[in-house]
There are 2 protein chains.
Amino acid sequence: MHMARRTGRRPGNPDTRESILGAAREAFAERGFESASIRGIATSAGVDPALVHHYFGTKEQLFKACMNFPIDPAEVLPQVLSGGPDEVGERLVRFFLRIWDSPAGAAGVALMRSAVSNDWTARLLREFVTTQMIRHVLPSLTTIDQADAPLRASLVATQMAGLAMVRYVLKLEPLASAPHEVVVAAIGPNVQRYVTGDLGAAAAAAQRE
Amino acid sequence: MHMARRTGRRPGNPDTRESILGAAREAFAERGFESASIRGIATSAGVDPALVHHYFGTKEQLFKACMNFPIDPAEVLPQVLSGGPDEVGERLVRFFLRIWDSPAGAAGVALMRSAVSNDWTARLLREFVTTQMIRHVLPSLTTIDQADAPLRASLVATQMAGLAMVRYVLKLEPLASAPHEVVVAAIGPNVQRYVTGDLGAAAAAAQRE
């Protein structure tokens, strides 16, 4: 699960860090982000909870450290969304391409590989997408009905995951080599519909159930 | 690469069959479907070309046997497309859900796993999607400009691959448990835009280059 090169200071004994991360991954995958506790993770790792806080900060920061995710969604997504809901689809696709075509893209492919081949990583990634991405993003899109929001978010995820799969893993042409502006013009409006468009009568009915 | 249970008669010695399939996978992945030849595959497998034809039929049939693909695209796709280009997006999504929610869905997950974790299978799948799916599908959509067709096909592939990834691999809710009609209403129009809609000025410009 080494996804991205990390920079900066890493406090503490590497073995202790690793056993905390291992315990945390297990807890987040098995119990989910909400139910997992620093105290429980510390117990599994055989360390004091204060040491977990000292090494990793908050529970959210610990979860990010577990995933080694190429970006920090809490930092980056607000920027992408700051222009408001119009054209958020195009901005998301443009931002996504910039990350995946950078050196961080290799980390993305590695994470995708790991999630597809390993149920445990899939659980961890699902939990990460739900609690660290979707939950942070949707409240800022104040013009959409919050009841639809989880469905909209999982639809956006289908388009983004599929773009990664076809462009960066399968490398299907002509999409694999298409310039960013072509991809943004082609895919942006579809993502936009998922975020703010009409999802059809059936989708609306499902929300009311 | 065991994707689907096979039924019916399988002629020939299992070892010979397997060495032909092994040689064929290598040839299709390395040289592509067009350049690979039955003669070359037979030579690699140390058998007579007539035996390859006897066991597997045409080169196309041999390729399908290599992939163990859950459906035969040449049989199935014309049915999905037979209603013409309107609402083809909804029909594709509905059909896709029916396959993936059937026992054949496990074969789809296995194929996706294999393609993501293994560059060689990714090459084989890319070649299969291009020559056995896209090439068969697009000419029947006579109302679209054939110059756009490969881009449109790879865009459809992003949405389908992403739907598989999020619903069946990551199992992100609420999409993972959404009834078919909700998914069709939500995703069908997006696929429809990829097939027949306006892909934007940048995409049009890319085609004219």
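Rules used in this analysis
Residue numbers restart at each chain and count upward from 1, following the sequence in its written direction. The naming scheme follows written order: chains are lettered A onward, ligands numbered 1 onward. pLDDT decides what is reported in this predicted model: residues at 70 or higher carry local features, side-chain atom pairs at 80 or more are listed and counted, and totals for whole chains, interfaces and linings draw on all residues regardless. Side-chain measures were taken over the full set of non-hydrogen atoms in the model, leaving aside hydrogen atoms and water. The criterion used for residue contact is that any of the two residues' heavy atoms lie within 4.5 Å. Here the buried area means the combined drop in accessible surface, using a 1.4 Å probe, for two parts upon being joined, counting both sides. We count a salt bridge whenever a side-chain nitrogen from Lys or Arg sits within 4 Å of a carboxyl oxygen from Asp or Glu. Pairs of N or O atoms are called polar contacts if they sit within 3.5 Å, as long as, within protein, a hydrogen donor faces a hydrogen acceptor (for residues adjacent in sequence, only side-chain-to-side-chain pairs). Where helices and strands are cited, they refer to DSSP runs of H or I of at least four residues and of E of at least two residues respectively, numbered from the N terminus. Any helix carries an expected span of 1.5 Å times its number of residues minus one. Bend angle per residue: angle between axes fitted to the 7 residues ending at that residue and the 7 residues starting there. Accessibility here uses a 1.4 Å probe with only protein chains present; expressed as a share of the type maximum, an area under 20% marks a residue as buried, one over 50% as exposed, and anything in between as partly exposed. A least-squares fit on C-alpha atoms brings the copies together, and the residues used are those whose pLDDT is at least 70 in both copies.

Asks: Would you mind going over the interface of chain B and chain A with me for this structure?
Replies: Interfaces are often sized by the accessible area lost when the parts come together. On the side of chain A, 45 residues touch chain B, which itself brings 45 residues to the contact. For the pair chain B and chain A, the summed buried surface comes to about 3,800 Å²; carbon and sulfur atoms form 70% of the total. Per-residue buried area on chain B facing chain A is highest for B:V116, B:L170 and B:L172; these three make up 16% of the total on that side. Taken together, the connections running from chain B to chain A amount to two salt bridges. Run the count over chain B and chain A and you get 19 residue pairs in polar contact (both at pLDDT 80 or more). Contributing elements (two or more residues each) for the side of chain B that touches chain A: α7 (104-117), α8 (119-137), α9 (149-170), α10 (180-196) and α11 (201-208) of chain B. Per-element tally for the side of chain B that touches chain A: the top contributor is α9(B), with 14 residues.

Asks: In this structure, what is going on with α8(B)? I would like to understand it.
Replies: Note: α-helices contain 3.6 residues per turn, so residues at a spacing of three or four share the same orientation. Across its 19 residues, α8(B) extends 25 Å between first and last C-alpha, which sits within 8% of the 27 Å expected from 1.5 Å per residue. At B:V129, α8(B) is deflected by roughly 30 degrees, the largest bend along its length. Looking at α8(B), one finds that the buried residues are B:T121, B:A122, B:L124, B:L125, B:E127, B:F128, B:V129, B:T131, B:Q132, B:M133, B:I134 and B:V137. Close packing links the buried residues of α8(B) with α9 (149-169) of chain A together with α1 (14-35), α4 (59-67), α5 (73-81), α7 and α9 of chain B. Between the side-chain oxygen of the N-cap and the backbone nitrogen of B:W120 there are 2.9 Å, and the N-cap of α8(B) in question is B:N118.

Asks: I'm lost on the relation of the copies chain B and chain A in this one. Help?
Replies: There are two copies of the chain, and a rotation about an axis plus a shift along that axis relates them. When chain B is fitted onto chain A, the two copies agree to an RMSD of 0.0 Å after a turn of 180 degrees and an axial shift of 0.0 Å. What the superposition gives is, in effect, a two-fold axis relating one chain to the other. Taking C-alpha positions as reference, the residue of chain B nearest the rotation axis is B:G162, located at 1.8 Å. A share of 100% of interface residues in chain B that are also interface residues in chain A marks the association as one of identical surfaces.

Asks: Explain the pattern of salt bridges to me, please; I cannot follow it from the model alone.
Replies: As a working rule, side chains carrying opposite charge can pair if their charged atoms are close by. Scanning the model with the defined rule gives twelve salt bridges over all chains in all. Between A:E181 and A:R94 there is a salt bridge; the shortest N-O distance is 3.3 Å. Taken together, the positions of A:E181 in helix α10 (residues 180-196) and A:R94 in helix α6 (residues 88-100) put the pair 87 residues apart, joining distant regions of the chain. Overall, the relative accessible area of 43% leaves A:E181 in the partly exposed class. By relative accessible area, which is 30% here, A:R94 ends up partly exposed. Two residues, B:R113 and A:D119, come together in a salt bridge whose shortest N-O distance is 3.4 Å. Linking B:R113 in helix α7 with A:D119 in helix α8 (residues 119-137), this pair reaches from one chain into another. Each of the salt bridges in this network shares a partner with another, and the network as a whole consists of A:E60, A:K64 and A:D72.

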